[in-house]
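Structural characterization, general
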Amino acid sequence: MKRHLALFSIALLHSLGSVSDAADTPKRPNILWLIAEDMGPEALSRSGTPQASTPQIDKLAKEGVYYMHFYDGMVCSVSRSSFMTGMYAVSIGAQNHRTKNKQPLPEGVKVLTEWMRGAGYFTANVVKLPEQLGFKGTGKTDWNFVPPAQPFDSANWDDLKSHQPFYAQINFNETHRTYHAPAKADPAKVVLPPYYPDHPIVRKDWAQYLDSATELDRKVTLILAQLEKDGLADNTVLVLFGDNGASMARAKQFCYEESFHAPLIIHWPKGITPPAHFQPGTEDPRFLDGIDLAPTMLALAGAQKPVRMQGRTFLGDHTEPPREYVFGTRDRCDETVMRIRSVRDSRYRYIRNFTPATPFLAPNKYKETQYPVWNLLRELHAQGKLTPPQAFLCQPRMPDEELYDLDTDPHEITNLATSPTPEHAAALQRLRSVLEKWIEEVADQGRTFESPEAVQDAAAKPAGKAKPKRQPDAAN
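Quick summary incoming for the structure in this document.

Scoring rules and cut-offs
Residues numbered from 1 in each chain as written. Predicted model: local features only at pLDDT ≥ 70, side-chain atom pairs only at ≥ 80, totals over all residues. Heavy atoms only, no water. Phe/Tyr/Trp six-rings, centres within 6.5 Å; stacked < 30°, edge-to-face > 60°. Helix = DSSP H or I, 4+ residues; strand = E, 2+ residues; numbered from the N terminus. Buried < 20%, exposed > 50% of the residue type's maximum accessible area, 1.4 Å probe, protein only. Pairing = 2+ DSSP bridges. Axes fitted to C-alpha atoms, helices over the stretch in contact; angles between N-to-C directions. Contact = heavy atoms within 4.5 Å. Polar contact = N/O pair within 3.5 Å; in protein donor to acceptor, adjacent residues only side chain to side chain.

**Things to note about the packing of aromatic side chains**
Each pair of aromatic rings is reported with the distance of its centres and the angle of its planes. This model, assessed by the stated rule, comprises 24 aromatic pairs. Geometrically, the ring pair formed by W33 and F83 is edge-to-face, given 5.8 Å between the ring centres and 70° between the ring planes. Residue W33 is located in strand β1 (residues 30–36), and its partner F83 is located in helix α3 (residues 76–83); the two are separated by 50 residues in the primary sequence. Taken individually, W33 and F83 each receive the classification buried, so the pair is uniform in this respect.

**Looking at the sheet that holds strand β7 (residues 264–267)**
Read from one edge to the other, the open sheet built from eight strands follows the order β4-β3-β5-β1-β6-β7-β2-β8, with strand pairing classed as mixed. Each having just a single partner strand, β4 (154–156) and β8 (282–289) make up the two edges of the open sheet. Across the sheet, the axes of successive neighbouring strands diverge by a mean angle of 25°, strand direction being ignored. Bridge count between β1 and strand β5 (residues 166–172): six bridges; the pairing is parallel. Paired with L32 across the bridge in β5 is A168. Docked against the sheet, helix α2 (residues 55–63) engages β2 (65–71), β6 (236–242) and β7, running at close to 65° with respect to β7. Contacting β1, β2, β6, β7 and β8, helix α7 (residues 293–300) crosses the sheet at an angle of about 160° to β1.

**So, the side chain of D153**
Note on placement: D153 falls in the loop between β3 (122–128) and β4. Residue class for D153 comes out buried when judged on its relative accessible area of 11%. Within the local environment of D153, its side chain forms a polar contact with the side chain of R117, the two groups lying 3.1 Å apart. Among the polar contacts listed, one links the side chain of D153 to the backbone nitrogen of T123, at a separation of 2.9 Å.

**What to know about the pairing of β2**
When you tally the buried positions in β2, you get six out of seven residues, the bulk of the element. Pairing geometry for β2 and β8, over six bridges, is parallel. Following the sheet pairing, Y71 is matched in β8 by D289.

**Details of the pairing of strand β11 (residues 348–353)**
By the criterion of burial, β11 is predominantly enclosed, with five of the six residues buried. Of the pairings in the sheet, the one linking strand β10 (residues 340–344) to β11 comprises five bridges and is antiparallel in character. In the strand pairing of β11, R341 is matched with R352. Hairpin connection, β10 to β11: the antiparallel pair is bridged by three residues. As defined by bridge partners, β11 adjoins strand β12 (residues 401–405) across five bridges and the pair is classed as antiparallel. Among the inter-strand pairings, R349 is bridged to a residue of β12, identified as Y404.

Structural data, given as structure tokens:
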């Protein structure tokens, strides 16, 4: 009898030990990316922008963490090529906006979903959402490289509940032109940046941009309600961000603050312990690059950062040192060939224009047909009706270098590189050196231009957004 009791006790201890070990094992969260196209932080009402209304996104930011200094690419295909690989686009030959001559990814570089799949995650680029929501995801990928044969396991929301843990993304095009949202913002009450003329066309365009963000907010609300309904809310991390700045003249496809600065919000579920360096209900001032998302998602999944990945992990026990600088690039967009490089630190933004003979408002069919302010600037400039900040984009030649003090000049109006004080001259020299060093370190492939034939192919493409390739509805 004593022997039986002893054996029972040993078995019980083993059982309790197994339960304890399981309890000590961190639960891996589901991860859901909500990706907005062409949306800067100014589109959110939390930024204090008059006539902006995004209550649900504001609530996510208040409950989660809002990253104050998140910088992405200046155009969708370049940005997406970067944040989906954790690599600078210029390092992997993906710097030109949509080309027919796409190349495979370099050895050791993969799309994030391939790494996540290796970590035991189900992956989805959700197009098919529950019918009652009344809309679909766009399924957009838009990568400037040859994609893997099956980058995602599914395109169907209904597959997520039965395939956990999952990494999924839903892409929204509300803030991409052409805007298609109910009119709510009053054009007469919007406040325009000083580099735009106060004109009815500009006011209407800005109001429509804000309305598109309001429509996005409505759809995000429906997604969150569906997560609750499906019992997924308590174990799903939400990552909401913009793929680049607003689709406005001087923003998207340029190299200013409003070109790269995008919102990033991470909302942590109550059913899982938050990782190190995540404090709900705060604003995080660290400088982040879009390429930092990939290694950070892998860290949340319990996977190691790949050796070649350039992004830095910013959450968890393996968080890397914060960035002192963030970099930005502009190469060919559509048929317009430019090469611009930019770097900013906590105070200054430095821009080097390698193709200064090409004017800012160089011919571009997409902008001429989609951006009403683009054509208006030309017209008003010809009539002598623009202030110097508004006329800046209309000059026939770019300055070779630009330097802006963001502490005193947040709209980047006064170019300090033309007549710098000793203090500004020191900043100019320092950032010029930092940028030159970075170009060498990342093996910037933009130093070699495309062939005239490749540029001609790009010019032959119709203006507008490329249709996303639909992913399979379910895993095999």
